[in-house]
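Given next are the chains, with one letter for each unit.
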Amino acid sequence: MIIRNATLNDAKFIRKISIDSTIKRDSKEKTGFLEFNTLSEKEYSKRIKLTPFFYVAEDNNDIIGFLSAFPNKLLNLIKSNEPEVFEYMVKQRGSFIYGDQIAVKKEYYGKGIAKLLYTGLKKDARKESFSSILGIICHKPIKNENSIKFNKKIGFKLIDELKIKDLVFGVYKLTLST
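In this report, we go over the structure that sits alongside the text. (Residues numbered from 1 in each chain as written. Predicted model: local features only at pLDDT ≥ 70, side-chain atom pairs only at ≥ 80, totals over all residues. Heavy atoms only, no water.)

What follows deals with the overall build of the chain. A tally of helices and strands in the chain yields five helices and nine strands. Helices (α) and strands (β) of the chain occur, in sequence order from the N terminus, as β-α-β-β-α-β-β-α-β-α-β-α-β-β. By the burial criterion, 49% of the 178 residues in the chain qualify as buried. Counting contacts in the chain only where the partners sit at least 6 residues apart, residues at least 24 apart contribute 68% of the total. For the chain, the exposed area adds up to about 9800 Å²; of that, 50% sits on carbon and sulfur atoms. (Helix = DSSP H or I, 4+ residues; strand = E, 2+ residues; numbered from the N terminus. Buried < 20%, exposed > 50% of the residue type's maximum accessible area, 1.4 Å probe, protein only. Contact = heavy atoms within 4.5 Å. Areas by Shrake-Rupley, 256 points an atom, 1.4 Å probe, with all protein chains shown as cover.)

In structure tokens, the structure reads:
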């Protein structure tokens, strides 16, 4: 299994993982993208070209997970399904990376794939002198306990909550040491 930068050829596989990771508000599942309007293959391709912080986990030539993240200076260039989140992030100060999406195929849950993806991001972000990584996790109507537990385990701390209509997202920050 390897972690590498995503290529344009990966966009359709990334989109499939995103679709498979989307859950409904009344779902019994507690982990996934809550009623997320999945990006098109074209939009994923655009994002892959835009940022050096788009990674995939590959096992035997099969894409099993991905992580997309963007330097804060690029956030205005991204088409968003969550404009309020991006507006919030654009207003944040400092030089940071916004961790936009992370997903792993269900059959690979608990095997350390997400941790490996974040390890690559943290290493590259430090190399480029970013001070932190920010991300959001759904708190309501479904609290994504698995994601919260994982993010806290790798060093993220809750710094704020963002209310958008009937949704509440926790804003988490990982401070990067040099």
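Further notes follow.
A separate point is the pairing of strand 9 (residues 167-175). Among the nine residues that make up strand 9, seven are buried, leaving the element largely enclosed by the rest of the structure. With eight bridges joining them, strand 7 (residues 132-140) and strand 9 adopt antiparallel strand pairing. Bridge pairing in strand 9 links isoleucine 133 to leucine 174. (Pairing = 2+ DSSP bridges.)

This brings us to the side chain of aspartate 100. Along the chain, aspartate 100 turns up in strand 6 (residues 96-104). Separated by 2.6 Å, the side chains of aspartate 100 and arginine 47 make a polar contact. With residues near it in sequence (within four places) discarded, aspartate 100 still touches Arg47, Ser68, Ala69, Phe70 and Phe86. (Polar contact = N/O pair within 3.5 Å; in protein donor to acceptor, adjacent residues only side chain to side chain.)

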